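One letter stands for each residue in the lines below.
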Amino acid sequence: MTEKLRPNTTERLRPIALTTATALTGLALLALAACGGGGRTDTGGDEPTPLPSPTSTKQVITEKNLGFMWPLTVDRGTAECRKGGQAVITVPDGTTYALNDRARKAGYDDVAPVRASGEGGDKVSLGVLLSRTMKLCGTT
């Protein structure tokens, strides 16, 4: 009489784990694409230059600080948190653009004219720049 061999638990769960991992990877990539892409690919291989801790509600921030996550077509700007949590950036030509809805509602123009496009043509996410700018709100 031949004894039937039963697969161990690891062998039975392996296909499920691979399917789950594949699905999660796909969801992460989809989420990244939905947010306007991750960043640019023309980074030149340089590591970002860390920003110093903010000491006021304004801070100069450059492409070198954010590397491939830099979302603008200009190489630098002055990020600022204004009254009521309005996140703005002033670019080298002196124009100030809104980075969030509060700033847009206060009358600042949308940052779209200086927003960079990623490799696939989608706009580069403002997430990192906005996050850095909102940190300035707590330095009053």
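Our subject is the structure that appears above.
Residues numbered from 1 in each chain as written. Predicted model: local features only at pLDDT ≥ 70, side-chain atom pairs only at ≥ 80, totals over all residues. Heavy atoms only, no water.

### A short note on the environment of V111
Worth spelling out the cut-off: Elements are defined by DSSP. Helices are runs of H or I of four residues or more, strands are runs of E of two residues or more, and each kind is numbered from the N terminus. Exposure is judged per residue with a 1.4 Å probe applied to protein chains only, and the accessible area is read against the type maximum: over 50% gives exposed, under 20% gives buried, and values in between give partly exposed. Whether two residues touch is decided by their heavy atoms; if any such pair falls within 4.5 Å, the residues are in contact.
Tracing the backbone through its elements, the reader meets V111 in the loop between β5 (109–110) and α4 (127–135). By relative accessible area, V111 is classed as buried at 1%. It is 8.3 Å that separates the C-alpha atoms of V111 and I89, two residues lying 22 residues apart in sequence. Apart from residues no more than four positions distant in its own chain, V111 is found in contact with L72, I89, Y97, A98, L99 and L126.

### Notes on the pattern of salt bridges
So the rule is basically this: Salt bridges, as used here, are contacts in which a Lys or Arg side-chain nitrogen is within 4 Å of a carboxyl oxygen on Asp or Glu.
For the coordinates displayed, the defined rule picks out four salt bridges. With a shortest N-O distance of 3.0 Å, R104 and D110 are connected by a salt bridge. If you follow the salt bridges from partner to partner, you end up with D101, R104 and D110 in one network.

### Some words on the nonpolar core
Nonpolar side chains tend to gather and get buried jointly when the protein is soluble and globular. What counts is decided by this rule: Among buried residues, the Ala, Val, Leu, Ile, Met, Phe, Trp, Tyr and Cys ones that are joined through side-chain atoms within 4.5 Å form a nonpolar core.
Grouped together as the largest cluster of nonpolar side chains are 17 residues, with contacts concentrated most on I61, L72, I89, V111 and L129. Elements supplying a minimum of two residues to this core: β2 (76–82) and β3 (86–90).

### Notes on the side chain of Q86
For the record, the criterion: Here a polar contact is recorded for every N or O atom pair within 3.5 Å, except that within protein the pair must consist of a potential hydrogen donor and a potential acceptor, and residues adjacent in sequence are included only if both atoms are side-chain atoms.
Mapping Q86 onto the fold places it in strand β3. Note on Q86: relative accessible area 15%, which makes it buried. Only 2.9 Å separates the side chain of Q86 from the backbone oxygen of K83, close enough to count as a polar contact. Setting aside chain neighbours within four positions, we find Q86 in contact with E80, C81, N100, R102, A103, A106 and Y108.

### Brief notes about the environment of K64
Within the secondary structure, K64 is located in helix α2 (residues 63–66). Taking the C-alpha atoms as reference points, K64 and D75, separated by eleven residues in sequence, lie 8.1 Å from one another. Once residues within four sequence positions are removed from consideration, K64 is found in contact with P48 and T49.

### Notes on the sheet that holds strand β4 (residues 96–98)
To keep things clear, this is the line we draw: Being paired, for any two strands, means DSSP has found at least two bridges between them.
In spatial order, the strands read β1-β2-β3-β4-β5; together these five strands make up an open sheet with mixed pairing. In this open sheet, the two edge strands, each paired with only one partner strand, are β1 (58–62) and β5. Strand direction decides the pairing type here: β4 and β5, joined by two bridges, are parallel. Counted as the bridge partner of A98 is D110 from β5.

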